[in-house]
Amino acid sequence: MLTPLLLCAISSASARSALLHSSPARARDALSLLRGGGEPSDELLQATFACNRLHATVLAEATSELAALRKTLRGGEAVQGFGAKADELLSSAAAKFEAEAPKGESDVSSLYKDKAEELHEVLMTSLEPLFSMQLSLLKDAALDQFKAATTGDADPSDAMNSAESMFVREASDSIPSKSDWNFKAERASLVSVMQAIAAPSKKATQIKLDAARQLSTAMQYLQMQQQQMQAMQAQYTGGQGGKWNLGAAYRPPDTNINLSGAYQQGRTNLQISMVPDEGANLLGQNGFTNGVGPANLGLSFNIHL
């Protein structure tokens, strides 16, 4: 008498355990059925076991692909097209699960549908840490690009814009299409770090620009002063009408004395010098004086109008 009762208890416990490993909705329905005194059908129990086994198989295959992505990221290398690869992994897992899911009874179909949603959530949960690692590597790459482009005295603004654009482009390609993930925090952090790095360089550049502007202003002032002085000098020396300039020179006969005088710009200048007559041996005993006569007197006369 005890043996049938024991077998019945074991059967009920097995059904309860199998259904608890299925989706919450199906488990609640089955438990409700058990509490009401009934037992789930053999078909539902078999479907539950098959669904759990399929879920585990597909998840194991997807986990191996996740491990390959994780290995690449831990090696310090960003995954090119991370978002597309994540979409492919999710689509492949969903297709494999759906291909093995039976079509027919509503209870069984609902059981597989709930399990498919659970599989998707598990995979998304596993992908999210990898996405964070991907963003971290992309951020580091953008910073390296920025630092390499800001050597010397170049303006860091262009380098900042280029690095940020590269990060946004690569990060956008890393978001799976079936997720609501974003990279706002990582982008803000990247910009903040680049601004902190560029601040001293910008300050030094601004100081140099200010010094160059001051030097340019000083040079312009000096050029203006020089032009004014040249204009005043030109006006004083040759621009005033009615100024007389007069010059005269005389050599007494048979002497080496040369007398010269000049009146220029209101000043008189008289000069006496001893200059030998270089043509005396050619012009005879009396030299140039008797040979030319009145031409010994030289005059120059200038009038500025």
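Data block above holds the structure.
Just so you know, the residues in each chain are numbered from 1, in the order the chain's sequence is written. Only residues with pLDDT of at least 70 are given local features in this predicted model, and only at 80 or more are side-chain atom pairs given and counted; all residues enter the totals for whole chains, interfaces and linings. Calculation of side-chain values draws on the structure's entire complement of heavy atoms; hydrogens and water are dropped beforehand.

A.B. asks: I'm lost on helix α4 (residues 82-100) in this one. Help?
C.D. replies: An α-helix turns once every 3.6 residues. As a result, residues three or four positions apart point the same way. Only DSSP runs of H or I covering at least 4 residues are called helices, and only runs of E covering at least 2 are called strands; the numbering of each starts at the N terminus. Helix span, as expected, comes to 1.5 Å for every residue beyond the first. In a regular helix each residue adds 1.5 Å, so 19 residues correspond to 27 Å; α4 covers 28 Å between its end C-alpha atoms and thus fits that length. Turning to α4, its buried residues number three or more, namely Phe 82, Gly 83, Ala 86, Asp 87, Leu 89, Leu 90, Ala 93 and Phe 97. Viewed end-on, α4 has its buried residues packed into an arc of 160 degrees, placing them on one side of the element. In α4, the exposed residues that point more than 90 degrees away from the buried face are Ala 84, Glu 88, Glu 98 and Ala 99. On its buried face, α4 sits against α3 (42-74), α5 (106-149) and α6 (156-173). Only protein chains enter the calculation, and the probe is 1.4 Å; a residue is then buried if its accessible area is under 20% of its type maximum, exposed if over 50%, and partly exposed in between. Comment: arc refers to directions from the helix axis out to C-beta atoms. A contact between two residues is defined here by any heavy atoms of the two lying within 4.5 Å.

A.B. asks: What is the right way to look at the packing of α4 against α5 in this model?
C.D. replies: In a packed pair of helices, the relevant descriptors are the angle between the two axes and the axis-to-axis distance. Look at α4 against α5: their axes get within 10 Å of each other, and the N-to-C directions meet at 160 degrees. Comparing the axis directions of α4 and α5 gives the class roughly antiparallel. Relative to α5, the crossing made by α4 is right-handed. Side by side, α4 and α5 meet where Phe 82, Ala 86, Leu 89, Leu 90, Ala 93, Phe 97 and Glu 100 of the first sit next to Tyr 112, Lys 115, Ala 116, Leu 119, His 120, Leu 123, Met 124, Leu 127, Leu 130, Phe 131 and Gln 134 of the second. In terms of residue class, the contact of α4 with α5 is built from 14 nonpolar, two polar and two charged. In this analysis an axis means a line fitted to C-alpha atoms, helices contributing only their contacting stretch, and an angle means the value between N-to-C directions, from 0 to 180 degrees. Just so you know how the angles are binned, under 35 degrees is roughly parallel, over 145 roughly antiparallel, 65 to 115 roughly perpendicular, and the rest oblique. For any helix crossing, the convention is left-handed if the near helix is rotated counterclockwise from the far helix by under a right angle, and right-handed if that rotation is clockwise. Following the grouping adopted for this structure description, the nonpolar residues are Ala, Val, Leu, Ile, Met, Phe, Trp, Tyr, Cys and Pro, the charged ones are Asp, Glu, Lys and Arg, and the polar ones are all others, Gly among them.

A.B. asks: Hey, could you run me through empty space enclosed by the protein in this one?
C.D. replies: Over the atoms rolls a probe the size of a water molecule, and its path tells where empty space is left. Note on definitions: the grid is 1 Å and covers protein atoms alone; a cavity is a set of points where a 1.4 Å probe fits but cannot get out; a pocket is an open set with protein on both sides within 12 Å along at least five of seven lines; lining residues have an atom within 4 Å of a point. Grid points are joined across faces, edges and corners, and a volume is the space filled by probe spheres set on the points. Following the criterion strictly, the structure yields one cavity of 30 Å³ or more and no others. The space that makes up the largest cavity amounts to roughly 40 Å³. As for the largest cavity, its lining consists of Val 58, Glu 61, Ala 62, Glu 65, Leu 89, Ser 92, Ala 93 and Lys 96. Of all the secondary structure elements, the ones that give two or more residues to the lining of the largest cavity are α3 and α4. In terms of residue class, the lining of the largest cavity is made up of four nonpolar, one polar and three charged.

A.B. asks: Help me out: how do you make sense of the packing of aromatic side chains in this one?
C.D. replies: What characterises a pair of aromatic rings is the spacing of the ring centres plus the angle enclosed by the ring planes. Centres within 6.5 Å make a pair out of two Phe, Tyr or Trp rings, where for Trp the six-membered ring is used; the pair is then stacked when the planes are under 30 degrees apart, edge-to-face when over 60, and tilted otherwise. For the coordinates displayed, the defined rule picks out four aromatic pairs. Taken together, a centroid distance of 5.9 Å and an interplanar angle of 50 degrees make the contact between Phe 97 and Tyr 112 tilted. Placement of the pair is Phe 97 in helix α4 and Tyr 112 in helix α5, with a sequence separation of 15 residues. Taken individually, Phe 97 and Tyr 112 each receive the classification buried, so the pair is uniform in this respect. Seen from their ring centres, Phe 131 and Trp 181 are 5.1 Å apart, and the 35 degrees between their planes marks the pair as tilted. In this pair, Phe 131 is assigned in helix α5 and Trp 181 in the loop between α6 and α7 (184-237), connecting sequence segments 50 residues apart.

Interpretation note: all reported values are geometric properties and have no functional meaning in isolation.
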